[in-house]
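Listed here are the chains, written in short residue letters.
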Amino acid sequence: MVQHYVKVTKETLPSLTKGLKKVANQLLVDPMIFAVQPAKRVGEIIGVSETMVIRFCNQIGYTGFSDLQKEVRHHLLTLNQQDSSDEELGHIQHDIFSNMKKDLGHIRNSIEGMDVNSLYKAVDLIVKSEKVLIVGYYHSFTFAHWLSFNLNYVLGNAILYRSENDAGLLDLLPKNSSIVIFSFFRYAIDTIRLAEEAKERGLKVITITDSWVSPVAEKADLVISLSINESKTFINKGPVTISLINAILSEIMKRVESRGKIQANQKYYIKDGES
């Protein structure tokens, strides 16, 4: 169940100032610091004033920081009790599985902190677009490749952006096109420039990122922000991001199947029962 503070934070986010958005993003990504630290220390961690933290609490409907802190503590205590009673994974003690168990926690946190309306809007936009340009620099190229390959299998409308030979590609896109940009810390400057150029040309920009205040978020029409505490550790983003992509693809597939639409490129695969 989505907690009240998560719900109201997501609902209020679009109308917040940049400073208040920093506080909101930190609450969604790492509520633990709000549970254990005083308002002044929370502000120091985020890089804003104590007053800004308290203003944020008021903005989302709480009488003060202690009011919000009480709810966050209760929520995290409940989560800990659920985790400790998880019989399905309790018997798995091998160290090699420890990160996989952490991944499950990251996915749960992202589900709670995610704006489901943005997900459905992203799916609508991708399905209705004549072409979808998918962009990811450096380590984010992995995510871009996974989405573009599978989206082409389902819809056949994806283009994977390759920076070394795709300069000027935005000029060649049909008017009814969109662009999906993966952008994670450390944010590639070329990604931000590409988002700016896409907006100038009237293309709809979807960004999948790790913060509501990441540089590319300001240029996007739709922001899908993942909640990952270790925001500087790429390995923690991988499973959560792939899981999110698969959720988007699954929803797209449902819509395509309901239309009876089959892409021609599926004929290149071996069907069940064929040899």
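Everything discussed here concerns the structure shown above.
Now for a description of the structure that goes with this document. The residue numbering used here restarts from 1 in each chain and proceeds along that chain's sequence as written. The model is predicted, so local features are restricted to residues of pLDDT at least 70 and side-chain atom pairs to those at 80 or more, both for listing and for counting; the totals for chains, interfaces and linings are taken over all residues. As a convention, hydrogens and water are excluded, and side-chain values are obtained from all of the structure's heavy atoms.

**Thoughts on the overall build of the protein chain**
Along the protein chain, the regular secondary structure elements total 12 helices and 5 strands. Counting every position in the protein chain, which comprises 275 residues, the buried fraction comes to 46%. Only runs of H or I of at least four residues qualify as helices and only runs of E of at least two qualify as strands under DSSP, and these elements are numbered from the N terminus. Here's how the labels work: a residue is buried when its accessible area is under 20% of the maximum for its type, exposed when over 50%, partly exposed in between, all with a 1.4 Å probe on protein chains only.

**Some remarks on the packing of helix H1 (residues 4-12) against helix H2 (residues 18-29)**
Contact pair H1 / H2: the axes reach a minimum separation of 10 Å and the direction vectors enclose 145°. Crossing angle aside, the handedness with which H1 passes H2 is left-handed. Counting all contacts with H1, which are made through Tyr5, Val6, Thr9 and Lys10, the residues of H2 involved are Ala24, Leu27 and Leu28. Only the stretch in contact is used when fitting a helix axis, every axis being a line fitted to C-alpha atoms; angles between N-to-C directions are given from 0 to 180 degrees. Note on convention: the crossing is left-handed when the near helix lies turned anticlockwise from the far helix by less than a right angle, right-handed when the turn is clockwise. For this analysis, residues touch if any pair of their heavy atoms sits within 4.5 Å.

**Quick notes on the side chain of serine 225**
Within the secondary structure layout, serine 225 lies in strand E5 (residues 222-225). At 3.4 Å, the side chain of serine 225 forms a polar contact with the backbone nitrogen of serine 211. Among residues more than four places away in sequence, those in contact with serine 225 are Asn25, Met114, Thr209, Asp210, Ser211 and Trp212. Any N or O atom pair separated by 3.5 Å or less is treated as a polar contact, with the protein-specific requirement of one donor-capable and one acceptor-capable atom, and with residues adjacent in sequence counted only for side-chain atom pairs.

**Side note on the pairing of strand E4 (residues 204-209)**
Counting buried residues along E4, 5 of its 6 residues qualify, which places the element largely inside the surrounding structure. For a crossover, the right-handed case is the one in which the path from the first strand over the helix to the second runs clockwise, viewed with the strands pointing away from the viewer. Read from strand E3 (residues 177-183) through helix H11 (residues 189-200) to E4, the crossover connection turns out right-handed. Strand pairing is assigned whenever DSSP detects at least two bridges linking the two strands. Pairing analysis gives 4 bridges linking E4 to E5, with the strands arranged parallel. Note on E5: the bridge partner recorded for threonine 207 is valine 223.

**Describing empty space enclosed by the protein**
Only protein atoms enter the 1 Å grid, on which a cavity is a set of points fitting a 1.4 Å probe that cannot get out and a pocket is an open set with protein on both sides within 12 Å along at least 5 of 7 lines, lining residues being those with an atom within 4 Å of a point. Grid points are joined across faces, edges and corners, and a volume is the space filled by probe spheres set on the points. Overall, the coordinates contain 1 cavity of 30 Å³ or more when judged by the stated rule. Considering the residues around the largest cavity, the lining is formed by Ala122, Ile126, Leu147, Val180, Ile206, Ile208 and Ile248. Just so you know the grouping, Ala, Val, Leu, Ile, Met, Phe, Trp, Tyr, Cys and Pro go in nonpolar, Asp, Glu, Lys and Arg go in charged, and all remaining residues, Gly too, go in polar. Across the lining of the largest cavity, the residue classes tally to 7 nonpolar, no polar and no charged.

**Focus: the sheet that holds strand E1 (residues 131-136)**
With parallel pairing, the 5 strands of this open sheet are ordered in space as E2-E1-E3-E4-E5. What marks the edges here is a single partner per strand, and that holds for strand E2 (158-160) and E5. Going from strand to strand, the sheet's axes swing by 20° on average, the running direction of each strand aside. Pairing analysis gives 3 bridges linking E1 to E2, with the strands arranged parallel. Its bridge partner lying in E2, leucine 133 is registered against isoleucine 159. Running over the sheet, H11 touches E1, E3 and E4 and is turned about 160° from E3.

**A short note on the nonpolar core**
Side chains of nonpolar character tend, in soluble globular proteins, to be buried together. Throughout, nonpolar core names a set of buried Ala, Val, Leu, Ile, Met, Phe, Trp, Tyr and Cys residues whose side chains join them through atoms within 4.5 Å. By size, the foremost hydrophobic cluster in this structure holds 48 residues, and its most contacted members are Phe34, Phe56, Leu68, Leu133, Val135 and Ile179. Once you skip the residues sitting within four places of it in the chain, valine 135 turns out to touch Ala144, Tyr161, Ile179, Val180, Ile181, Phe182 and Leu194. Counting residues in hydrophobic clusters, the runner-up holds 31 residues, among them Val123, Val127, Ile208 and Ile224.

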